[in-house]
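# Overview (structure and organization)
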Amino acid sequence: MLAYLLKRIVLMVPTLLLVALMVFLLVHFIPGDPAIVMVGGDATPEALEQVRRSLGLDQPQPVQFVTWFGHVVTGDLGRSIGTGIPVFETICERFPTTFVLTTLAMLFSVALAVPSGVLAAKFRNTGKDYLFMLVSLLGVSLPGFWLGLMALLVFSVQLGWFPSSGYVPIWQDPIAGLRYMTLPSITLGFFMAAVVARMTRSSMLEVMRLEYVTHARAKGLTEWSVLLKHALKNAFAPTLTTIGIQYGMLLGGAVVTETVFGLPGLGRFVVTAIYSRDYPAVQGCILFIALVYMFVNLAVDVLYKAFDPRVKY
Amino acid sequence: MYPVLKIDNLQTHFHTRTGVAKAIDVVSFEIGKGEIVCVVGESGCGKSMTALSVLRLVPHPGRIVGGEIWLDGENLMAFSESEMRAVRGDRVSMIFQEPMVSLNPAFTIGNQLIEAVRIHRRVSRTEARERAIAMLRRVELPAPEARMDAYPHELSGGMRQRVMIAEALLLDPALLLADEPTTALDVTVQAQVLEVMVRAARESGTAIMMITHNLAVVSEIADRVVVMYAGRVVEQGTAEEIFTRPAHPYTRGLLRAIPSLPLGDDDGPRQPLYEMGGLVPSLTDLPPGCAFCPRCPEAFAPCDRERPPGFALGSTHAAACWLHRQEAER
């Protein structure tokens, strides 16, 4: 087990190198020049040249990459061109908000999706099943920003249940923080819930055809025990993989939600950084998110054995 | 005294888009206390469906549409779902064909055996565990204590089937439904597992309804034999009657289709393996007369029009074949 973990962590290094290279290339392929963003469009060519030199942008791109990556390896993500603050510091400050948002979204969606998937499977091909699947189809299809705006309009503006703007970190005041986080995490979690519900339903249906489910019924168990103990534990393993993949997508989807709800998360910072061609900030943040995603995947693979004991590491 | 099981004109149909598939067209037979009855026939003749019907666990879209199932004089068809649950696993238990997939891969052997006890008996976990270990010992599973914490995939097929047998007999049921319990096993362990099952069932006075297509197994263990074809019982009798005086052309065909090994030094001329011509009729479109008529070498006038009833050929022997009408009337 320990050897497996070590192996997986070592294997992350080449993946990270690849991600770093791709992020670097993508960012540098975007037309635009951070120097112009910094000094303004009407600056003299000499001033621009000086700024470029001070940022190292006059070097050939392979040299720039090696210099940047060299610093990354030693734990230095560089300073943001826009704010002048070390990128790592900004990540430490902003990632907790994004993490809380995505984790709450995930918890909400699992709490909604797994029971819906089980119920849809139990009532397969009846009105109830179709209703569940229709709602989940809506969940997949509705764009996050629209859903967020509608949630704000109904629950904050009309009903006044939740604050419509502002933010208190959940670790400073859990109750108030949760109130600010409720709508964003439900909005973000709804999309994921739709996907997870469909996965739960189909893997439940897959498992319910198997002989050990008939065997469980033949033991004299109630239908609910059969479904919730014998079928769900087996059906949850593929669902868990979906949840892991979806969690990674949530980290990306958080950008829109954070913007709509005005949350000071990492996603919104990345978007601003992209607009201002803040190379070190974009590269550093995306690399960090990739690393988080890799650890989520590792956690899923380790958890998998709890649901499927046949897995060997 | 009531028989353990009495199936009376049971009909189980599957309502599909292409029509009604009569998985069990009409089936009647009885099983006495402690008796071993083998139900034989080709795949799809309704053997397994008969067993699932007894537990009232016919899978969707199948449904029992007629007939009665009596267990110790009680009509199971009149039972509520919760009364049926009290029957399943306690008074009637079932062993499935594939021990690879009939035990839940996500739970330990111990978890599944303890659950089986505690569904029906108010006992502590420790007590249930001890009972399970004692039962594993009775089915000769090596190192039963250690196996309790093992997952099904850590056991061989033969061991898994022993676990299934242990679970099925844990509560001394009146009836064990065994659906081809040895078919998926290595030939070398088939006999051992079968022997263990029969011995353990005899010890607890459990009757067995054994579903199989292996006539060698039948000749070894059966007290009585029920031969099924296309959802109907075509012949039933004691094992001796079926093997020495088979009355239905289908039964005769089955017996002739057993390959025989030329053993010994005097290698006589090898007999070509008998093959029954034709195909099993579609269950959605059964012929109006005898279902076996299209394949029957001895079919005559009434066979394709009128369904033969079971003609009694003795106190225990009956065949649903027009050949025996006069014999039965005599």
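Along each chain, residue indices are assigned from 1 in the same order as the chain's sequence is written. Labels follow written order: the first chain is A, the first ligand is 1, and so on. Whole-chain, interface and lining totals are the exception, using all residues; otherwise, since this is a predicted model, local features are given only for residues with pLDDT of at least 70 and side-chain atom pairs are given and counted only at 80 or more.

Quick look at the overall build of chain A now. A run of DSSP states H or I qualifies as a helix once it reaches four residues; a run of E qualifies as a strand once it reaches two. Both are numbered from the N-terminal end. Within chain A, the secondary structure is distributed over 12 helices and zero strands. Ordered by position in the sequence, the α and β elements of chain A form the string α-α-α-α-α-α-α-α-α-α-α-α. Over its C-alpha atoms, taken along the principal directions, chain A stretches across nearly 85 × 55 × 35 Å. Counting other C-beta atoms within 10 Å of each residue's C-beta, where C-beta atoms are placed from the backbone, gives the exposure class: buried for 20 or more, exposed for 12 or fewer, partly exposed between. Taken across its 313 residues, chain A has 37% of its residues classed as buried. Residues are defined as contacting one another if the C-beta atoms placed from their backbone atoms lie within 7 Å. Taking contacts inside chain A between residues at least 6 apart in sequence as the whole, the part at least 24 apart equals 72%.

Bringing the overall build of chain B into the picture now. Across its full length, chain B carries 12 helices and 12 strands. Against the compact-globule benchmark of 20 Å for 330 residues, chain B has a radius of gyration of 21 Å, which places it among compact chains. With the principal axes as the frame, chain B shows a C-alpha extent of 65 × 60 × 45 Å. Per-residue burial over chain B gives 45% buried out of 330 residues. Relative to all contacts within chain B whose residues are 6 or more apart in sequence, the contacts with residues 24 or more apart total 63%. For the radius of gyration, the atom set is restricted to C-alpha positions; the globular benchmark scales as 2.2 Å times the number of residues to the power 0.38.

Turning our eyes to something else, we now look at helix α7 (residues 144-158) of chain A. Residues and elements named next belong to chain A. In this model, α7 (15 residues) spans 20 Å end to end at C-alpha, consistent with the 21 Å of a helix rising 1.5 Å per residue. Here the bend at a residue means the angle between the axes of two seven-residue stretches, the one that ends at it and the one that starts at it. Of all bends in α7, the biggest is about 25°, found at Leu152. Regarding α7, the residues found buried are Leu147, Gly148 and Leu152. Contact partners of the buried residues in α7: α8 (174-208) and α10 (223-261). Within two residues after α7, Gly160 carries a phi angle of roughly 65°, on the positive side. Given a helix with a known number of residues, its expected span is that number minus one, times 1.5 Å.

Turning next to the packing of helix α9 (residues 211-218) of chain A against α10 of chain A. Residue and element names in this part refer to chain A. Lines fitted to C-alpha atoms define the axes, with helix axes restricted to the stretch in contact, and inter-axis angles between N-to-C directions lie between 0 and 180 degrees. Look at α9 against α10: their axes get within 10 Å of each other, and the N-to-C directions meet at 140°. Comparing their axes, α10 and α9 come out oblique. Here the hand of the crossing between α9 and α10 comes out right-handed. Seen from α9, the contacting residues are Tyr212, Val213, Ala216 and Arg217; seen from α10, they are Val226, His230 and Ala231. Note on residue categories: nonpolar means Ala, Val, Leu, Ile, Met, Phe, Trp, Tyr, Cys or Pro, charged means Asp, Glu, Lys or Arg, and polar means any other residue, Gly included. Of the residues belonging to the contact of α9 with α10, the class tally is five nonpolar, one polar and one charged. If an angle is under 35 degrees, it is roughly parallel; if it is over 145, roughly antiparallel; if it lies from 65 to 115, roughly perpendicular; otherwise it is oblique. Each crossing gets its handedness from the near helix: less than a right angle anticlockwise from the far helix is left-handed, clockwise is right-handed.

Before going further, it helps to examine the pairing of strand β10 (residues 232-238) of chain B. Residues and elements named next belong to chain B. The buried fraction of β10 is high, at six of seven residues. The pairing of strand β9 (residues 224-229) with β10 spans six bridges and is antiparallel. In the strand pairing of β10, Tyr229 is matched with Arg232. Between β9 and β10, which pair antiparallel in sequence order, lie two residues; one of them, Ala230, sits at a positive phi of approximately 50°. Two strands form a pair only when DSSP identifies at least two bridges running between them. Sheet analysis places β10 next to strand β12 (residues 318-319), joined by two bridges and oriented antiparallel. Across the sheet, Gln236 pairs through a bridge with Ala318, a residue of β12.

Looking now at the pairing of β9 of chain B. Residue and element names in this part refer to chain B. Within β9, six of the six residues are buried, leaving the element largely enclosed by the surrounding structure. What you see with β9 is no split at all: Arg224, Val226 and Met228 on one side and Val225, Val227 and Tyr229 on the other are buried throughout. In this sheet, β9 lies alongside strand β3 (residues 36-40) in parallel orientation, the contact comprising four bridges. If you follow Cys38 over to β9, its bridge partner there is Val225.

On to the interface of chain B and chain A, then. Listed as interface residues are 22 residues of chain B and, on the opposing side, 19 residues of chain A. Elements with a minimum of two residues in the side of chain B that touches chain A: α2 (81-87), β6 (92-95), α3 (99-102) and α4 (109-120) of chain B. At three residues, the largest contribution of residues to the side of chain B that touches chain A is made by α4 of chain B. Considered class by class, the residues forming the side of chain B that touches chain A number 12 nonpolar, six polar and four charged.

The pLDDT score gives, residue by residue, the confidence of the prediction method on a 0 to 100 scale. Per-residue pLDDT for chain A averages 87, and the proportion of residues at 70 or more is 100%. Per-element averaging of pLDDT across chain A places helix α2 (residues 34-39) of chain A at the bottom with 74 and α9 of chain A at the top with 94.

On to unusual backbone geometry. Residues and elements named next belong to chain B. Between His60 and Pro61 the backbone carries a cis peptide bond, its omega angle lying at 0°. With a phi close to 60°, Glu140 is a non-glycine residue in the positive phi region. Structurally, Glu140 can be placed in the loop between α5 (125-138) and α6 (144-147). Among the residues examined, Glu140 registers 17 C-beta atoms within 10 Å and is labelled partly exposed. Despite not being glycine, Ala143 has its phi angle at roughly 45°, a positive value. Along the chain, Ala143 turns up in the loop between α5 and α6. Assessed through the 10 C-beta atoms surrounding it within 10 Å, Ala143 is described here as exposed.

Let's shift gears to the environment of Val140 of chain A. Residue and element names in this part refer to chain A. Secondary-structure assignment places Val140 in helix α6 (residues 127-141). You can call Val140 partly exposed: it has 14 C-beta atoms within 10 Å. Taking the C-alpha atoms as reference, Val140 lies 21 Å from Leu205; in sequence the two are 65 residues apart. Excluding residues that lie within four positions of it along the chain, Val140 makes contacts with Phe191, Ala194 and Val195.

Attention shifts here to the packing of helix α5 (residues 87-122) of chain A against helix α12 (residues 279-307) of chain A. All names here are of chain A. Contact pair α5 / α12: the axes reach a minimum separation of 9 Å and the direction vectors enclose 50°. Between α5 and α12, the angle falls in the class oblique. Handedness of the α5/α12 crossing: right-handed. The residues of α12 that touch α5, namely those facing Val87, Phe88 and Ile91, are Pro280, Ala281, Gly284, Cys285 and Phe288. For the contact of α5 with α12, the per-class residue count stands at seven nonpolar, one polar and no charged.

To continue, consider the environment of Pro61 of chain B. Residues and elements named next belong to chain B. Structurally, Pro61 is set in the loop between α1 (47-54) and β4 (62-71). Sequence-wise, Pro61 and Thr16 are 45 residues apart; in three dimensions their C-alpha atoms are separated by 7.0 Å. Beyond its immediate sequence surroundings of up to four residues, Pro61 is in contact with Phe14, His15 and Thr16.

Moving on, we get to α5 of chain A. Look at α5 of chain A: 50 Å from first C-alpha to last across 36 residues, which is about the 52 Å you get at 1.5 Å a residue. At Arg94 of chain A, α5 of chain A shows its largest kink, close to 35°, and the proline Pro96 of chain A lies no more than four residues downstream.

All right, on to the confidence of the model for chain B then. Per-residue pLDDT for chain B averages 90, and the proportion of residues at 70 or more is 96%. For this predicted complex, the interface confidence reaches an ipTM of 0.89, while the overall pTM sits at 0.83.

Formed by 167 residues in total, the largest nonpolar core has its most connected members in Cys285 of chain A together with Leu175 and Met209 of chain B. Broken down by element, the residue count for this core peaks at 16 residues, all from α10 of chain A. If we ignore the near neighbours within four places in the chain, the residues touching Leu175 of chain B are Val4, Leu5, Ile31, Val92, Thr206, Ala207 and Met209 of chain B. Any nonpolar core is a set of buried residues, restricted to Ala, Val, Leu, Ile, Met, Phe, Trp, Tyr and Cys, that join up through C-beta atoms within 7 Å.

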